[in-house]
Structure formats: structure tokens, C-alpha cells
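Chains, contacts and geometry: an overview
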Amino acid sequence: MKILFIGDVVGKKGQAALKEFLPELKQTHRPQVTIINGENISDGKGISEKLYKWLLTMGANVVTLGNHAWDNYEIYQFIEKAQCLVRPINLPKGTPGQGITYLKVNQQKLAVINVLGSVFMNACIEPFTYLPEIIEEVRKETPFIFIDFHAEATSEKQALGYLLDGKVSAIVGTHTHVQTNDARILPKGTAYQTDVGMTGTLDSVIGFNHQQVVQKFSTHLPMRLEQSETNELLLSGCVIELDNQTGSALSIEPIYMTNQKRFKTRKYRHV
């Protein structure tokens, strides 16, 4: 099973980057499943029903979210009927939407889970004691388990990776918007990358106007940040290949593409 995962899509430029690069990626890698993090697709924060459906027409099988899931109030009007939309699973009982979805892939079933980190983030149910029991239940259904861990702290992401190593197929990070150079297969067979990065513009600070961000840090004054409007598009993500029998990861290949240079970093295979 081959999975293509695209990191945080930021606003209109993120949408433009998807249009530019996604067809080429699908043709090159021919993934059976495409998962896109869409929590920033609506003007840099949140998601609308129109954009959720647009992501599906672009070829997404599942759309994951994060801490900005609720920033566009419209989500409350459609999240319950959005079967391919996954919000963080570790939120209080009664939170609208679903934290996990199952997708049939040929003869297999893939579970896609969205998890929110607890360090430097909004309050959520702490994942380290909450997730293992959930994973055990999911494994009764399928060993093919993909986790989008939407978290701030690199140490928290690495620690959860080792906690779930061998119990899930892949755990990849989102939220920081900066791709990390540590994609690998963990000792017990789980594909891991601390953060896959974002999809938007390269000449920006995490997708936003870099001059405004510099001014905000320099003056310490509150400022409404605007999305970057520069033309160098960026798409970040990864391709993960799983063993069709065991669900363990065979390889993970980070993707980093711009419309000036198309390049990918090294593919990491399980030894």
C-alpha cells in the first residue's frame, strides 16, 4: 500500500500549489491513498465545506485537521456529515466530528487518525496515556494505521513515535509548517517524520507575509498577519509504502517541491 501525505495547505497559495504539483505527484508515485492536512486552507485558518469538497475533487481520500479546526465557524454546519474529514481524536467527549476514519484500499482497510499534541498547544486530552488503548482497539480492525500528529514540540512528536513504534504503520507530524530532515523507519517498523512541512509559498514565514512577521517580532505589537502572496509555490509532504501483509512501513520519502526547483530528499527504506 502506498500513501501520499500532503502537509498543511495554507490559503489560496496552498490551493495553487496543490493544483500545480498534485497531478504530477500522483502520476509519479501512483498512491492508493492520498491524505491532505487542510486545517489552514481557508484564509490561513480553518476549513470551509466548499474547500473540503474541493480537496476531495483534487484527489484527497481523507482530509485531516488540527488546532485550527474550529477557526472557521462554518465547520459546525457540515463536519458531522463529512465522512472523509478527520479532526483531532483526543478532544472531549461530545466534540463534533470524528477523530478516526476507515478507508478500504483494495483488500485492506486503512485507519487514519488525527492527534493533537499537548505541549504549547490548546488544551486537549493528553495523548500518551489516551492513545495506546485506542490503538489496541483499532488493531482489532486493521494493522494499517496512519497518524497525523499535529503538535508543536519536536520532543513530544519523537516520543510518541517511539511509544507507538511497531503498533502503527506511520506517524508523521504537522503544525510547524517547516519540514524536518529526519524521515526514517523506526526500529520496530513504523514510518516517522517529525514534520512534513507546509503547502503554500516558499518566500514566507510559515505561509504568511514575512515582512509583517518580522515587524511583529521586532515590535512585540499585535498585528493581523496576511498570507504571503509571492509566486514561488511550495508543496511539502511524504510518500510512505507499507507491506501489504503486515502493515509495517517499507519506506518513507519526503517531498519538497517548488515551481523553481522540483526536488525530493532521500528515500528511507526499512532494513
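Along every chain, residues carry numbers that run from 1 in the direction the sequence is written. Under the rules for a predicted model, residues below a pLDDT of 70 receive no local features and side-chain atom pairs below 80 are neither given nor counted, while totals for whole chains, interfaces and linings still include all residues. Side-chain measures were taken over the full set of non-hydrogen atoms in the model, leaving aside hydrogen atoms and water.

Description of the pairing of strand β8 (residues 170-174)
Per-residue accessibility, obtained with a 1.4 Å probe over protein chains only, is compared with the maximum for each type, and a residue is labelled buried under 20%, exposed over 50%, and partly exposed between these values. Here a strand is any run of E in DSSP of at least two residues, a helix any run of H or I of at least four, and the numbering for each starts at the N terminus. β8 sits mainly inside the fold: five of its five residues count as buried. Of the two faces of β8, the one holding Ala170, Val172 and Thr174 and the one holding Ile171 and Gly173 are both buried throughout. Pairing of strand β7 (residues 144-150) with β8 involves five bridges; the strand directions are parallel. Among the inter-strand pairings, phenylalanine 146 is bridged to a residue of β8, identified as alanine 170. As a crossover connection, the stretch from β7 through helix α4 (residues 154-164) into β8 is right-handed. Any two strands between which DSSP finds at least two bridges are classified as paired. Here three bridges tie β8 to strand β10 (residues 191-193), and the two strands are oriented parallel to one another. Paired with isoleucine 171 across the two strands is tyrosine 192, which belongs to β10. Place the viewer so that the strands point away; then a crossover is right-handed whenever the path from the first strand over the helix to the second strand goes clockwise.

A closer look at helix α1 (residues 11-29)
For a helix, the expected span equals 1.5 Å multiplied by the residue count minus one. Compared with an ideal rise of 1.5 Å per residue, which puts 19 residues at 27 Å, α1 spans 25 Å between its outermost C-alpha atoms and is within 8% of the ideal. The sharpest bend along α1 comes to roughly 40°, located at phenylalanine 21, with the proline proline 23 sitting one to four residues further on. Buried within α1 we find Gly11, Lys13, Gly14, Gln15, Ala17, Leu18, Phe21, Leu22, Leu25 and His29. Just downstream of α1 lies arginine 30, where phi reads positive at about 50°. A residue's bend is given by the angle between axes fitted to the 7 residues ending at it and the 7 residues starting at it.

A look at the sheet that holds strand β6 (residues 108-116)
The strand order across the open sheet formed by six strands is β5-β6-β7-β8-β10-β9, and the pairing between neighbours is mixed. Two strands close off the open sheet at either side, each with one partner strand: β5 (100-105) and β9 (184-185). By the bridge criterion, six bridges tie β5 to β6 in an arrangement that is antiparallel. Each bridged residue has a counterpart across the sheet, and for valine 105 the counterpart in β6 is glutamine 108. Any two residues whose heavy atoms approach within 4.5 Å at even a single point are treated as in contact. Axes, fitted as lines to C-alpha atoms, cover a helix only where it is in contact. Angles between the N-to-C directions of the axes lie from 0 to 180 degrees. Contacts between helix α3 (residues 127-139) and the sheet are confined to β5, β6 and β7, with β6 contributing the most and set at about 170° to the helix. On top of the sheet, α4 reaches β7, β8, β9 and β10; it is set at about 170° to β8, its chief contact.

A few points about the UniProt feature "active site" (unreviewed entry) in the chain
As annotated by UniProt and renumbered to match this structure, "active site" (unreviewed entry) occupies His68. Of note, histidine 68 is situated in the loop between β3 (62-64) and β4 (85-86). Overall, histidine 68 belongs to the buried group, its relative accessible area being 19%. Beyond its immediate sequence surroundings of up to four residues, histidine 68 is in contact with Glu39, Asn40, Lys45 and Gly46. UniProt positions are given in the numbering used here, feature names are shortened, and annotations may be inferred rather than shown by experiment.

Observations regarding the UniProt feature "binding site: Fe cation 1" (unreviewed entry) in the chain
When the UniProt feature table is mapped to this numbering, "binding site: Fe cation 1" (unreviewed entry) covers Asp8, Glu39, Asn40 and His177. Taking the farthest pair of C-alpha atoms as the criterion, the annotated set spanning 170 residues converges on one region, since that pair is 11.8 Å apart. Of note, glutamate 39 is situated in the loop between β2 (33-37) and α2 (49-57). Taking relative accessible area as the criterion, glutamate 39 reaches 1% and is therefore assigned buried.

Brief notes about the packing of aromatic side chains
Here the distance between the centres and the angle between the planes together describe a pair of aromatic rings. Two aromatic rings, drawn from Phe, Tyr or Trp (for Trp, its six-membered ring), form a pair once their centres lie within 6.5 Å of each other, and the interplanar angle then sorts them: stacked below 30 degrees, edge-to-face above 60, tilted otherwise. Counting across every chain of the model gives four aromatic pairs. These aromatic residues form a ring-pair network of at least three members: Trp70, Tyr73 and Tyr76. Either the NZ atom of lysine or the CZ atom of arginine qualifies as a charge over a ring when it sits within 6 Å of the ring centre and within 35 degrees of the ring normal. Taking NZ or CZ as reference, lysine 109 lies 5.5 Å from the ring centre of tyrosine 102, over its face.

What to know about α3
An ideal rise of 1.5 Å per residue puts 18 Å on 13 residues; α3 measures up with 17 Å between its terminal C-alpha atoms. All buried positions along α3 are accounted for by Pro127, Leu131, Ile134, Ile135 and Val138. Around the axis of α3, the buried residues are gathered within 105° of arc, so they sit on the same side. Exposed residues pointing more than 90 degrees away from the buried face of α3 are listed as Thr129 and Glu133. By definition, the arc is the one covered by directions from the helix axis to the C-beta atoms.

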